[in-house]
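# Structural description and commentary
Next come the chains, spelled out residue by residue.
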Amino acid sequence: GYFESNYNKTGIQNFITGFGDWVPPPESAKADGHLTGAFAFLHDLQLGIDLFSHSSHPQAPAMAKRIATFVDTLLQEYHTAFYKADAGYYLSGLQTEQALPLFLGAVPKDLESDILSHLLHDVH
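Presented here is an overview of the structure given in this document. (Residues numbered from 1 in each chain as written. Predicted model: local features only at pLDDT ≥ 70, side-chain atom pairs only at ≥ 80, totals over all residues. Heavy atoms only, no water.)

### Description of the overall build of the chain
The criterion, for reference: Under the scheme used here, helices are H or I runs from DSSP no shorter than 4 residues and strands are E runs no shorter than 2 residues, and both carry numbers assigned from the N terminus. Any pair of residues with heavy atoms lying within 4.5 Å of one another is described as a contacting pair. Only the protein chains shown count as covering a residue, and every accessible area follows the Shrake-Rupley method with a 1.4 Å probe.
Looking only at helices and strands, the chain features 5 helices and 2 strands. Starting at the N terminus, the α and β elements of the chain follow one another as α-α-α-β-β-α-α. Here the analysis covers contacts within the chain between residues at least 6 apart in sequence; of these, 55% occur between residues at least 24 apart. Here the chain displays about 7,500 Å² of accessible surface, and carbon together with sulfur accounts for 56% of that area.

The following block contains the structure:
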């Protein structure tokens with residue numbers, strides 16, 4: 001479909017923007033649009049897996065498997081595109097930029113506690 005063809009053109013790192021409601025109050029930094037756009041795409045795909053997993057349609061299991069395989073690849077790409085190893089967090093370190101990868105399950109297990117700690121420290 002439309003989003004998959006855009007992904008094929010841009011990849012995750014330059015995914016189309018304009019998705020999500022991530023607008024902070026004035027004078028505050030805004031989360032990266034490619035990260036939030038890619039989040040919306042990945043989250044929709046995850047919802048599709050859930051939908052097909054509960055469907056009785058004969059092709060549903062194959063569709064769920066196809067999407068799950070695609071999502072696994074995209075989650076790794078999402079992490080690689082947006083994680084800044086030298087800083088130890090995603091992009092500029094904003095709360096949204098940490099929360100979205102955690103929510104998606106894009107953060108490798110060995111980094112989850114560090115990302116969550118960074119997020120919680122910033123919240124306090």
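### A few points about the pattern of salt bridges
Here is the rule: Between Lys or Arg on one side and Asp or Glu on the other, a salt bridge is scored when a side-chain nitrogen of the former is within 4 Å of a carboxyl oxygen of the latter. Any residue under 20% of the maximum accessible area for its type is buried, any over 50% is exposed, and the rest in between are partly exposed; the area is computed with a 1.4 Å probe on protein chains only.
In the structure shown here, the tally under the stated rule is 1 salt bridge. Salt-bridge contacts for lysine 109 lead to glutamate 112; the nearest nitrogen and oxygen are separated by 3.4 Å. You can see lysine 109 and its partner glutamate 112 sitting in helix H5 (residues 109-123), 3 residues apart, about one turn around the helix. The class for lysine 109 is exposed, based on a relative accessible area of 69%. Of the residues examined, glutamate 112 reaches a relative accessible area of 29% and is grouped as partly exposed.

### Regarding the environment of histidine 121
Along the chain, histidine 121 falls in helix H5. Here the alpha-carbon distance between histidine 121 and glutamine 95, two residues 26 residues apart in the chain, equals 9.7 Å.

### Observations concerning the side chain of glutamate 97
For clarity, the threshold we go by: This count recognises Lys and Arg as positive and Asp and Glu as negative, with His and chain-terminal groups excluded. In protein, a polar contact means a hydrogen-donor-capable atom and an acceptor-capable atom, both N or O and within 3.5 Å, with residues adjacent in sequence counting only if both atoms are side-chain atoms; elsewhere, any N or O pair within 3.5 Å suffices.
By the element assignment, glutamate 97 lies in helix H4 (residues 95-104). Buried within the structure, glutamate 97 lacks any salt-bridge partner; its nearest side chain of opposite charge belongs to lysine 84, at an N-O separation of 9.4 Å. Engagement of the side chain of glutamate 97 in a polar contact is seen with the backbone nitrogen of aspartate 32, the distance being 3.1 Å. A distance of 2.7 Å separates a polar atom in the side chain of glutamate 97 from a polar atom in the side chain of serine 92. Other than its neighbours up to four places away in sequence, glutamate 97 contacts Lys30, Ala31, Asp32, Leu35, Tyr90, Leu91 and Ser92.

### Digging into the nonpolar core
Side chains of nonpolar character tend, in soluble globular proteins, to be buried together. The following threshold applies: The definition of a nonpolar core used throughout is a set of buried Ala, Val, Leu, Ile, Met, Phe, Trp, Tyr and Cys residues joined through side-chain atoms within 4.5 Å.
Counting 27 residues, the largest nonpolar core has Ile12, Leu74, Tyr78 and Phe82 as its most contacted members. Top contributing element to this core by residue count: helix H3 (residues 60-82), with 8 residues. Not counting chain neighbours up to four residues away, the residues in contact with isoleucine 12 comprise Tyr7, His34, Ala38, Leu74, Glu77, Tyr78, Ala81 and Phe82.

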